[in-house]
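Observations on the model geometry
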Amino acid sequence: MRKITEITGRYCVDLWRSHVKPAFSADWDLLAIILLLSLALRIYFAFVFNGNLTLGFGQNYVLIAESGRIDALQAPLYPFFLRVLLFIFGSKGLTAVFVLQSIISSAGLLLVYFITSRLCGRRAGLIAAALGAIYPDFILYNLSATPGSLELFFILVIMASGISGIGHTASSVISSASLALCILLDPVMVFLLPGSIIAARKRLVFLLVLAGLIMPWALRNSFAEGRPVPVYDTAAYHVDVSKYSPNNLEGRWHTIRRIYNNASLITGKSWGMTDDPGSGASRDSTYAAGYAFTFVMLFGFMGLARHYRKGHGRVVLPAVIYAVLLILFTVFLNRFRIPIEPLFVIYAGALAGGCKSGISPAADDSPDPHNQHDKTR
């Protein structure tokens, strides 16, 4: 045990010196200002915001957390997260949830900077991080007892791990563990799996880690339902293939219409923030989030079209394939856009800051520096 601890400690120290510290040291002063701004905005709203943001989630996570009853349709991780904080902080539990989510959200800006600077250079990285600090959607996700904020953080971890340069095995383990956490936060995150497998450095390691982390919940639900359950009950995935059956009135045209309706939600200004349209704070936040999303989405698409290069696929593919699969095979909801929003912020930063001096992700295809026998390319 002592030997394992020593090896782990040396690995962490080496990782810090060789990868983490160099990635942020050049801009630590500006990053500190961005992080302080992000924390100030998020924590301020955590204490004063009184809207009812559901972000399109039908479940009342607070009631689920308080009852402790979770069925095969519901992801377990976020109710457990809520239950712990509500137990510790009592009547102030929701405020504590919002504050902790705000801190995690601000930490995610370091990942936004890291990803964008690796792809397109430090200037683009700083602009993307600053945009993420003030982007209303990223702020509002923290002000809701729903898992959107945590999903966003782990999605950024998946994107960052693919171009981190920490070694093929380590990056595959981190990416797989992050995806497992996303799936345990929201069933539809399973649609990130195909793109994440393509982007993974060592796919067998990726799949083994993922199976080890989500299999216990799949077995629990299978025993509870008395039948094999694919992690969750199939209804949890919002799958809809009825669009591919001919319609008596429209024939095959209804397939095109419904696929178009799904796709239009990615570019639409609407944003499902609240089930209570009479709440002033919720209504205003919905408008702010909708218009901000339109701005970031447009500039993100332009940045992606202009600056996408060979090697960017490890960042782009998980979210893009996720979106395509949901458009084709589900009833698309506004909250499903969460995994693609980081891409828009990253490439909006690239559009504003240029994309000339980034460290090519292709450079990370070298063998694992911590495993001389790693020959994965």
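Residues numbered from 1 in each chain as written. Predicted model: local features only at pLDDT ≥ 70, side-chain atom pairs only at ≥ 80, totals over all residues. Heavy atoms only, no water.

Summed over all chains, the structure comprises 11 aromatic pairs. Ring plane angle 75 degrees and centroid distance 5.6 Å describe the contact between Phe153 and Phe154, whose orientation is recorded as edge-to-face. Using a relative accessible area of 18% as the deciding quantity, one classes Phe154 as buried. Taken together, the ring pairs in this structure connect Tyr61, Tyr78 and Phe81 into an aromatic cluster. For Arg337, the ring lying beneath its charged end belongs to Phe293, and the centroid distance is 3.8 Å. (Phe/Tyr/Trp six-rings, centres within 6.5 Å; stacked < 30°, edge-to-face > 60°. Buried < 20%, exposed > 50% of the residue type's maximum accessible area, 1.4 Å probe, protein only. Lys NZ or Arg CZ within 6 Å of the ring centre and 35° of its normal.)

Residues Phe80, Val84, Phe87, Ile88 and Phe89 make up a contiguous nonpolar surface patch of roughly 580 Å² in combined accessible area. Structurally, Ile88 is set in helix H4 (residues 77–89). For Ile88, a relative accessible area of 55% gives the class exposed. (Patch = residues over 30% accessible without salt bridge, like charges linked within 9 Å, V, L, I, M, F, W, Y side chains within 5 Å. Areas by Shrake-Rupley, 256 points an atom, 1.4 Å probe, with all protein chains shown as cover. Salt bridge = Lys/Arg side-chain N within 4 Å of Asp/Glu carboxyl O. Helix = DSSP H or I, 4+ residues; strand = E, 2+ residues; numbered from the N terminus.)

So, on to helix H8 (residues 148–161). The terminal C-alpha atoms of H8 lie 20 Å apart, and with 14 residues this matches the ideal 20 Å at 1.5 Å per residue to within 8%. When you tally the buried positions in H8, you get 13 out of 14 residues, the bulk of the element. (Expected span 1.5 Å × (residues − 1).)

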